[in-house]
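Observations on chain architecture
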Amino acid sequence: MKKEFAVIGLGRFGGSICHALAEEGMEVMAIDVNEDRVNEFARIASHAVVGDTTDESVIKSLGIRNFDHVIVAIGDNIQASILTTLILKEVGVKKITVKAQNDYHAKVLRKIGADHVVHPERDMGRRIAHSIVSNNVLDYLELSDEHSIVEIVANEKLAGHSIIDLDIRAKYGINIVAIKRKNEIIVSPQANEKIQFDDILIVIGADVDINRFEKKVMS
């Protein structure tokens, strides 16, 4: 069965989510107070609706409580974002993801019951900075304030050594959860798996440990 999503707020962030979900063949309801924006998404989303989601009667009339996941991507209006999230929670929406403008906004969203809070601008900035600083880092995904998943390209220092030889978990407190090798992905690699030059290691751990590993082994 197709999952049903509702995206509230059709700015750059909400709009890109709508596009991506529609491309995946999902049922998407696109909602915004701005009629011009809604008209833009009329052909992309399954349903495109002009509506003020700070009004509980509007949310109830749209039947949003029956959707699998609602994404609140309201731009600069923090009050509208908080009020919308609160109403969605009260009407019984199963899963709510909300875009936060800042840390204070994020804290309030978590307190009122948002399941997942994202900081797209901050997170993208960190990912770009991380990849600029380290030549070996391809991608960086923040799991929390202190933990991340990082894609690292194996260099000459790692090539030819098995995971058990390198003893990365004991020495650095991080784990190699997968290895991308050309068109192959090795999930949960065995301890005797030998790393090859240009393998992409998918590493999970605390930021301080990942940084220590990068500086010691990857530089």
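Residues numbered from 1 in each chain as written. Predicted model: local features only at pLDDT ≥ 70, side-chain atom pairs only at ≥ 80, totals over all residues. Heavy atoms only, no water.

Looking at an unreviewed UniProt entry, the protein carries the name Trk system potassium uptake protein TrkA, with the source organism given as Cytobacillus firmus.

Section: the overall build of the protein
To be explicit about the condition: Runs of H or I in DSSP of at least four residues are treated as helices and runs of E of at least two as strands, each being numbered from the N terminus. Throughout this description, buried means an accessible area under 20% of the type-specific maximum (1.4 Å probe, protein chains only), exposed means over 50%, and partly exposed covers the range between. The contact criterion used is simple: two residues touch if any of their non-hydrogen atoms lie within 4.5 Å.
On a plain count of helices and strands, the protein comes out with nine helices and eleven strands. Each of the 219 residues in the protein was classed as buried or not, and the buried ones make up 44%. Partitioning the intrachain contacts of the protein with sequence separation of at least 6 by distance along the chain shows that 53% fall at a separation of at least 24.

As for helix H1 (residues 12-23)
Let me state the cut-off plainly: How far a helix is expected to stretch is found by multiplying one less than its residue total by 1.5 Å.
With twelve residues, H1 extends 16 Å from end C-alpha to end C-alpha; this agrees with the ideal 16 Å at 1.5 Å per step. On the buried face of H1, the contacting elements are strand E1 (4-8), strand E2 (27-32) and strand E4 (69-72).

Remarks on the sheet that holds E1
As a reminder, the rule being used: Note: two strands are recorded as paired if DSSP finds a minimum of 2 bridges between them. In this analysis an axis means a line fitted to C-alpha atoms, helices contributing only their contacting stretch, and an angle means the value between N-to-C directions, from 0 to 180 degrees.
Spatially, E3-E2-E1-E4-E5-E6 is the arrangement adopted by the six strands of the open sheet, whose pairing is parallel. The two strands at the open ends of the sheet, each matched to only one other strand, are strand E3 (47-50) and strand E6 (116-118). Going across the sheet, the axis of each strand differs from the next one's by a mean of 15°, ignoring polarity. Strands E1, E2, E4, strand E5 (96-99) and E6 of the sheet are contacted by H1, whose axis makes an angle of about 160° with E1. Across the sheet, helix H4 (residues 78-91) lies against E1, E4 and E5, angled at about 175° from E5, the strand it touches most.

Looking at the nonpolar core
Where we set the bar: Here, nonpolar core refers to any group of buried Ala, Val, Leu, Ile, Met, Phe, Trp, Tyr and Cys residues whose side-chain atoms link them within 4.5 Å.
Ranked by size, the top nonpolar core spans 26 residues in total, and within it Ile31, Ile64, Val70 and Leu88 carry the most contacts. Those elements that provide at least two residues to this core are E1, E2, helix H3 (56-62), E4, H4, E5 and helix H5 (103-111). If one sorts the elements of this core by residue count, H4 sits on top with four residues. Residues in contact with leucine 88, not counting those within four places in the same chain, are Ile8, Ile59, Ile64, Val70, Val72, Val93 and Ile96.

A closer look at H4
Quick note on the threshold: In this context, the arc is that of the directions from the helix axis out to the C-beta atoms. We define a polar contact as two N or O atoms separated by no more than 3.5 Å, with the added condition that, inside protein, one atom must be a possible hydrogen donor and the other a possible acceptor, whereas residues neighbouring each other in sequence contribute only through side-chain atom pairs.
Counted at 1.5 Å a residue, the expected span for H4 with its 14 residues is 20 Å, and the 20 Å between its end C-alpha atoms agrees. Listed in full, the buried residues belonging to H4 are Ala80, Ser81, Thr84, Thr85, Ile87, Leu88 and Val91. All buried residues of H4 fall inside an arc of 165° around its axis, so they share one side. Across from the buried face of H4, at angles greater than 90 degrees, the exposed residues are Gln79 and Glu90. Of the surrounding secondary structure, the elements contacted by the buried residues of H4 are E1, H3, E4, E5 and H5. Its side-chain oxygen at 3.3 Å from the backbone nitrogen of glutamine 79, asparagine 77 defines the N-terminal cap of H4. In the stretch just after H4, glycine 92 is the one whose phi turns positive, near 95°.

Comments concerning the packing of aromatic side chains
Rules: For Phe, Tyr and Trp, rings pair up if their centres lie within 6.5 Å, where Trp contributes its six-membered ring, and each pair is then called stacked (planes under 30 degrees apart), edge-to-face (over 60) or tilted (otherwise).
Enumeration over the complete set of coordinates arrives at one aromatic pair. When the centroid spacing of 5.4 Å and the interplanar angle of 70° are considered together, the rings of tyrosine 172 and phenylalanine 213 count as edge-to-face. In this pair, tyrosine 172 is assigned in helix H8 (residues 168-172) and phenylalanine 213 in helix H9 (residues 207-218), connecting sequence segments 41 residues apart. With respect to burial, tyrosine 172 and phenylalanine 213 carry one shared label: buried.

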